[in-house]
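Residue strings, one per chain:
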Amino acid sequence: MTANELPILDGHNDTLLRLYRSEDGGVQSFFQQSNEGHIDLPRARQGGFAGGFFAIFCPAPSGPRMEESLVITETGYEVRPFPAIDSVYAQKVTLEVIDLLFRLEAESEEQVKVVRTVDELLDCMQKGILATILHFEGAEAIDPQLEALETFYQAGLRSLGIVWSRPNAFAHGVPFKFPHSPDTGPGLTAAGRELVQACNRLGIMLDLSHLNEQGFWDVARLSDAPLVVTHSAVHALCASTRNLTDRQLEAIKASEGIVGLNFEIANMREDAHKDANTPLSVMVRHIDYLVEHLGIDGVGFGSDFDGGITVAQELGDVAGLPKLVAALREHGYDEAALRKLTHENWIRVLRKTWKNG
Ligand SMILES: [Zn+2]
């Protein structure tokens, strides 16, 4: 990182899944610069990427992939709903990917660390160690009796997305549709309500990305923590089910929560086209709208790097993050605002959410 760059904390990436699926299933490729995917250590350093939420996502063991389920409609698109996955399978994959993360840490020669407290996070940022926060994208690996939750917490789990865009024992994920409201079905199950309270008690951050609107309001009613959406965008600017309505933004602001902007270009363009040849001004427009509705303390980045997304060509990958910061600076955000957007807001929310300092 050069002196003038701001360190960036990011709300969401799927790099662990990319490594898990790679041919050797190993971690060494993370330490070498490549053109594959969006994040490796050398490119992270170039981009001032100080760390963020590293998701564990369980792909379905079989069945159609995302692209095969996509139906283009007259006005947009619709992805055929994904079925629930088996929880025994999910727990097995989750343990394997946690193992991969710990190997990444161990083989990094102190260049990567799994952080469990804000103090550890700040310490890493100061020393230039890449800070990874263990996150589950979908709670399938946790049994409805929540017996596994404490164990995962002890292993380092500090952030939990209740669902991905499919149903599980706790809630109903929002299917991918455009144009459509995020109000697509019922809210949390009884086990889901228990899960929210247990996460509050342990100090595990709850991530409301991929939850449908009813589920969102259930959490808003139940949770005593700031409402957090790690990787979404603005529904008023791009009417995807994955994006947040003005009413949801209002509730997030009232809870002193945060939204991390998802870099998937199709979730930001008004026409939802997956076109990499889209100017950064489209991203700046979403940041402006979020800041207008949440205040400058309620907005961050939530790239979704390595999550099968199409990123604006100009940005490219994690090494391109300073270009987004430059675009925001050019647009009028001063240094204090940029510090908040790039890292201070995530730190503020974690301080309020994690119970262990
Ligand atoms: Zn996601």
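A quick note: this is a predicted structure, and the numbers were derived from the prediction, not measured.

> Account for the pattern of salt bridges, naming residues and giving values.
Within the structure shown, the criterion is met by 17 salt bridges. Residue Lys-92 is joined to Glu-96 by a salt bridge in which the shortest nitrogen-to-oxygen separation is 3.1 Å. Pair noted here: Lys-92 and Glu-96 are both in helix H3 (residues 87–106), with a separation of four residues, about one helical turn. We note a salt bridge from Asp-275 to Arg-269, for which the minimum N-O separation is 3.7 Å. What makes Asp-275 partly exposed here is its relative accessible area of 30%. For Arg-269, a relative accessible area of 18% translates into the label buried.

> Outline the packing of helix H10 (residues 321–331) against helix H11 (residues 335–353), supporting the account with residue identities and numerical values.
At a minimum axis separation of 10 Å, H10 and H11 run at an interaxial angle of 145°. Crossing hand, H10 versus H11: right-handed. Touching Val-325, Leu-328 and Arg-329 of H10 are Glu-335, Leu-338, Leu-341 and Thr-342, all from H11. Counted by class, the contact of H10 with H11 contains four nonpolar, one polar and two charged residues.

> How would you summarise the packing of helix H8 (residues 246–254) against helix H9 (residues 281–294) if you had to cite specific residues and measurements?
In helix packing, the relevant descriptors are the interaxial angle and the interaxial distance, both defined with respect to the helix axes. The interhelical angle for the contact between H8 and H9, taken along N-to-C directions, is 55°, at an axis separation of 9 Å. Here H8 is positioned oblique relative to H9, judged by the angle of their axes. In contact with Asp-246, Leu-249, Ile-252 and Lys-253 of H8, H9 contributes Tyr-289, Leu-290, His-293 and Leu-294. Considering only residue class, the contact of H8 with H9 consists of five nonpolar, one polar and two charged.

> I'd like to hear about the coordination of the zinc ion, residue by residue, with values.
The coordination sphere of the zinc ion, as far as protein atoms go, consists of Glu-137 (OE), His-210 (NE2) and His-231 (NE2), spread over 2.1 to 2.2 Å. Along the chain, the residues donating to the zinc ion fall in the pattern E-x72-H-x20-H. Here Glu-137, found in strand S6 (residues 130–137), pairs with His-231, found in strand S10 (residues 228–232); they are 94 residues apart in sequence, far enough to count as distant. The two residues Glu-137 and His-231 agree in class, both being buried.

> Can you lay out the environment of Gly-37 for me, pointing to particular residues and giving the numbers?
Within the secondary structure, Gly-37 is located in the loop between helix H1 (15–21) and helix H2 (41–47). C-alpha separation for the pair Gly-37 and Phe-305, spaced 268 residues apart in sequence, amounts to 7.8 Å. Leaving out residues up to four positions away in the same chain, Gly-37 has contacts with Arg-18, Arg-43, Asp-306 and Asp-317.

> Just give me the short version of the nonpolar core, but keep the residues and values in it.
Formed by 95 residues in total, the largest nonpolar core has its most connected members in Phe-136 and Leu-149. Considering each element in turn, this core owes the most residues, eight residues, to H9. Apart from the residues within four sequence positions on either side, Leu-149 is in contact with Ile-142, Leu-157, Leu-195, Ala-198, Cys-199, Leu-202 and Ile-204. One finds Ile-129, Ile-133, Ile-347 and Leu-350 within the second-largest nonpolar core, a separate group that totals 19 residues.

> Describe the packing of aromatic side chains, with residues and values.
Tallied over the full model, the rule gives eleven aromatic pairs. With a centroid separation of 5.5 Å and an interplanar angle of 90°, the aromatic rings of Phe-263 and Phe-305 are classed as edge-to-face. Of this pair, Phe-263 sits in the loop between strand S11 (258–261) and H9 while Phe-305 sits in the loop between strand S12 (299–301) and H10, placing them 42 residues apart in sequence. There is no split in this pair, since Phe-263 and Phe-305 are both buried. Ring-pair connections join several aromatic residues into one group, and the members of that group are Phe-57, Phe-82, Trp-164 and Phe-176. Sitting above the plane of the Tyr-153 ring, Arg-158 keeps its charged end 3.9 Å from the centroid.

> Now, about the pairing of strand S2 (residues 49–56): what can you tell me, with residues and values included?
Walk down a regular strand and you will see the side chains alternate between the two sheet faces. Judged by how many residues are buried, S2 sits mostly within the fold: eight of eight residues are covered. Where S2 lies against S6, six bridges are found, and the strand directions are parallel. The residue bridging Gly-51 from the neighbouring strand is Ala-131, located in S6.

> Let's hear about the confidence of the model for the protein: which residues, and what values?
Here the protein averages 96 in pLDDT, while 98% of its residues score no lower than 70. Ranking the helices and strands of the protein by mean pLDDT puts S12 first, with 99, and strand S3 (residues 70–72) last, with 91.

> Account for H8, with residues named and values stated.
Taken together, the buried positions of H8 are occupied by Gln-248, Leu-249, Ala-251 and Ile-252. Buried residues along H8 cover an arc of 160° about the axis, so they all sit on one side. Turned more than 90 degrees away from the buried face of H8, the exposed residues are Arg-247, Glu-250 and Ala-254. The secondary structure elements touched by the buried residues of H8 are helix H7 (213–222), S10, S11 and H9. One or two residues past the end of H8 sits Glu-256, with phi positive at roughly 60°.

Parameters at a glance
Residues numbered from 1 in each chain as written. Predicted model: local features only at pLDDT ≥ 70, side-chain atom pairs only at ≥ 80, totals over all residues. Heavy atoms only, no water. Salt bridge = Lys/Arg side-chain N within 4 Å of Asp/Glu carboxyl O. Helix = DSSP H or I, 4+ residues; strand = E, 2+ residues; numbered from the N terminus. Buried < 20%, exposed > 50% of the residue type's maximum accessible area, 1.4 Å probe, protein only. Axes fitted to C-alpha atoms, helices over the stretch in contact; angles between N-to-C directions. Left-handed = near helix turned anticlockwise from the far one by under 90°. Contact = heavy atoms within 4.5 Å. Nonpolar A, V, L, I, M, F, W, Y, C, P; charged D, E, K, R; others polar. Parallel < 35°, antiparallel > 145°, perpendicular 65-115°, else oblique. Donors = N, O, S within 2.8 Å, 3.2 Å for Na, K, Ca; no water. Core = buried A, V, L, I, M, F, W, Y, C linked by side-chain atoms within 4.5 Å. Phe/Tyr/Trp six-rings, centres within 6.5 Å; stacked < 30°, edge-to-face > 60°. Lys NZ or Arg CZ within 6 Å of the ring centre and 35° of its normal. Pairing = 2+ DSSP bridges. pLDDT = per-residue confidence, 0-100. Arc of directions from axis to C-beta.

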